[in-house]
Structures are given as C-alpha cells and as structure tokens.
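Inside the fold
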Amino acid sequence: MKKRKNIITVAIDSPAAAGAGTQAKLICKHYNLYYLDTGKIYRYIGKLKLNNKRKFSYLYVKNKIEKLKISYLKNKMLLNNEVATAASEIAKDKKIRNIVHKFQQKCAYQPPKRYRGSVLDGRDIITIQVRDAMFKFFITASLKVRAKRRFVEYKELNKKITYNEVLKSLKKRDKSDKERKHGPLKKTKDSILINTTKLSKKACFKKIKAIIDKKLLINGNL
Ligand code: C5P
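Computed from a predicted model, the values in this text were never measured in an experiment. (Residues numbered from 1 in each chain as written. Predicted model: local features only at pLDDT ≥ 70, side-chain atom pairs only at ≥ 80, totals over all residues. Heavy atoms only, no water.)

1. Let's talk about the site of the ligand
- Around the ligand, the surrounding shell holds 15 residues, and the nearest of these are Arg43, Arg97, Arg173, Asp177 and Arg180.
- Separating a nitrogen atom of the ligand from a backbone N or O atom of Arg123 is a distance of 3.0 Å.
- Asp124 is positioned with one of its side-chain polar atoms (N or O) 2.9 Å from a nitrogen atom of the ligand.
- For the ligand, the accessible surface in isolation is 460 Å², of which the surrounding protein chains cover 94%.
- Judged by its atoms lying within 2 Å of the grid points, the ligand is housed in the largest pocket.
- Residue assignment for the shell around the ligand shows that the elements contributing at least two residues are helix H2 (38-51), helix H4 (81-90) and helix H8 (163-179).
- In terms of residues, the shell around the ligand owes the most to one element, H2, which gives four residues. (Near = heavy atom within 4 Å. Polar contact = N/O pair within 3.5 Å; in protein donor to acceptor, adjacent residues only side chain to side chain. Areas by Shrake-Rupley, 256 points an atom, 1.4 Å probe, with all protein chains shown as cover. 1 Å grid on protein atoms, 1.4 Å probe; cavity = no way out; pocket = protein on both sides within 12 Å on 5 of 7 lines; lining within 4 Å. Sits in = over half its atoms within 2 Å of the grid points. Helix = DSSP H or I, 4+ residues; strand = E, 2+ residues; numbered from the N terminus.)

Right under this line is the structure:
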C-alpha cells in the first residue's frame, strides 16, 4: 500500500458504544480528517449475511466490498441490534477480516486529497490496521454507561428493545470481541486511555485535542 506522505493518522480502538464514533467525528471536523467507522463495514457484511444466507460466500463479500461506497455505510438499517450481533459473528472470521483490511488501508493511508489525513475507529485499528498511527487512543466506558447510551440511541431511532436486552447484547459482544483469535480488542501499551464514563462529549474532546495539538505543535504541523 502506497502511503500518502505527511498525513495525520489517528487510530482509535474501543468496545461498542464507548463514544469513539462521536470523538472520531469531532476530531475529523476539527482537523479536517477523513473518517472511517470500520464497525460499519462489519455491520454491512453482517447485514449481507442476514439478507442473503444462500448467496453468502467469501467471493460474494469480496465483490461487495470492492464496490462499497462510503455513503452506503450511513444507511440506518446498519444500526439494528441484530445487525450488530451478526457483525460480531462474521468479524471472527480471518478471511472476512482480510477482505476488510484492504478497504481500511486505502482509507487510512490514501484519504481523498482534500483531507489532511484520516481517523479510523474499531477494534483492531491500533493493533493491526494502522499500527504506525501518529495518534493512538483507546476509548472506553463502563458497561452500564455504554448500555444506557446505546439504549437512548435506539429509542431515538424508535427501535423496540429494552435496556436489559441492550446490556446483555453489549456484554456478549464485548466478550466475543476481546476473546476471539483474530483481531481481538485489546489496549496496547503505546495507546492513550480515554475513559468517557464520567466525561461529557465536550470534556472528552478537550482532552483529546490537547494531546493532538501538543504533538502537532512540536512537529510544526499545527
Ligand atoms: O463498532 P461497531 O459496534 O459498529 O462494530 C460492530 C462489530 O464489528 C463489533 O462488535 C466487532 O465484532 C466488529 N468490528 C471488528 N473490527 C473492527 C470494527 C468492528 O471486528 N475494526
């Protein structure tokens, strides 16, 4: 993969609903960076499987990912809890992860020219996808707070789901995402821990911005 030179790369890993997406979007907006929510790709593949059990094969997924447009990842259908569960299941598969890898590399290292760099968030971004990222954040929050936030999001989208179902589902996904063999979620020593349990979105971004600004200033990039 040919890498665009002198770009700003931000890698974020986090368990589900910890606020990583919110922070990633704020970082992108502030520093004019390209955003890829990598979980949405797994959700897209999970949805493909739910919709086309018979057709579903590695080749089918490969072809779909080669043609995938970022705009499709904004589809609200991908926000269902059953899609999230299907995503977590197919995400265990090494062959599927390899197909997604190429797409992610392009977004991380060759973002469209109008952007100064990229932000990717997911489970294996720091550990595998963008190991040489300029900034590495591990964003987390307590399970209860994450379940509450996700429950509120579902309610806003008029999804029929209870708080307990959300809690149970997140717990199951956490376990699977952390314990799987390929691309498990884990915090690396060189990543900065941001715990959003008691922090507002604004306070959290303030912390992240201070870290980014400091390094950019030293590098003469600000
Ligand atoms: O982040 P989100 O909750 O949308 O991700 C859905 C699922 O996709 C996760 O539970 C995880 O299993 C998978 N995923 C992954 N690697 C990533 C991003 C997401 O395995 N980089």
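2. What to know about the sheet that holds strand S5 (residues 192-195)
- Judged by pairing direction, the sheet is parallel, and its five strands sit side by side in the order S2-S3-S1-S4-S5 without closing on themselves. Strands with a single pairing partner mark the edges of an open sheet, and in this sheet they are strand S2 (34-37) and S5. Shown here is a sheet whose adjacent strand axes are inclined to one another by a mean of 20 degrees, direction ignored.
- Sheet topology note: the strand S4 (residues 135-140)/S5 ladder contains four bridges and is parallel. Across the sheet, residue Ile139 finds its bridge partner in S5, namely Ile194.
- Where helix H1 (residues 20-31) meets the sheet, it contacts strand S1 (8-13), S2, strand S3 (117-122) and S4, and its direction lies at approximately 175 degrees from that of S3. (Pairing = 2+ DSSP bridges. Axes fitted to C-alpha atoms, helices over the stretch in contact; angles between N-to-C directions. Contact = heavy atoms within 4.5 Å.)

3. What to know about the packing of H2 against helix H3 (residues 58-66)
- Interhelical geometry of H2 versus H3 gives an angle of 130 degrees and a closest axis separation of 11 Å. Relative to H3, the element H2 lies oblique. For the pair H2 and H3, the sense of crossing is right-handed. Between H2 and H3, the contacting residues are Ile41, Tyr44, Ile45 and Leu48 on the first element and Tyr60, Val61, Lys64 and Ile65 on the second. (Parallel < 35°, antiparallel > 145°, perpendicular 65-115°, else oblique. Left-handed = near helix turned anticlockwise from the far one by under 90°.)

4. Concerning the environment of Phe151
- Relative to the elements of secondary structure, Phe151 occurs in helix H7 (residues 143-156).
- Sequence spacing of Phe151 and Arg131 is 20 residues, and the spatial spacing of their C-alpha atoms is 32 Å.

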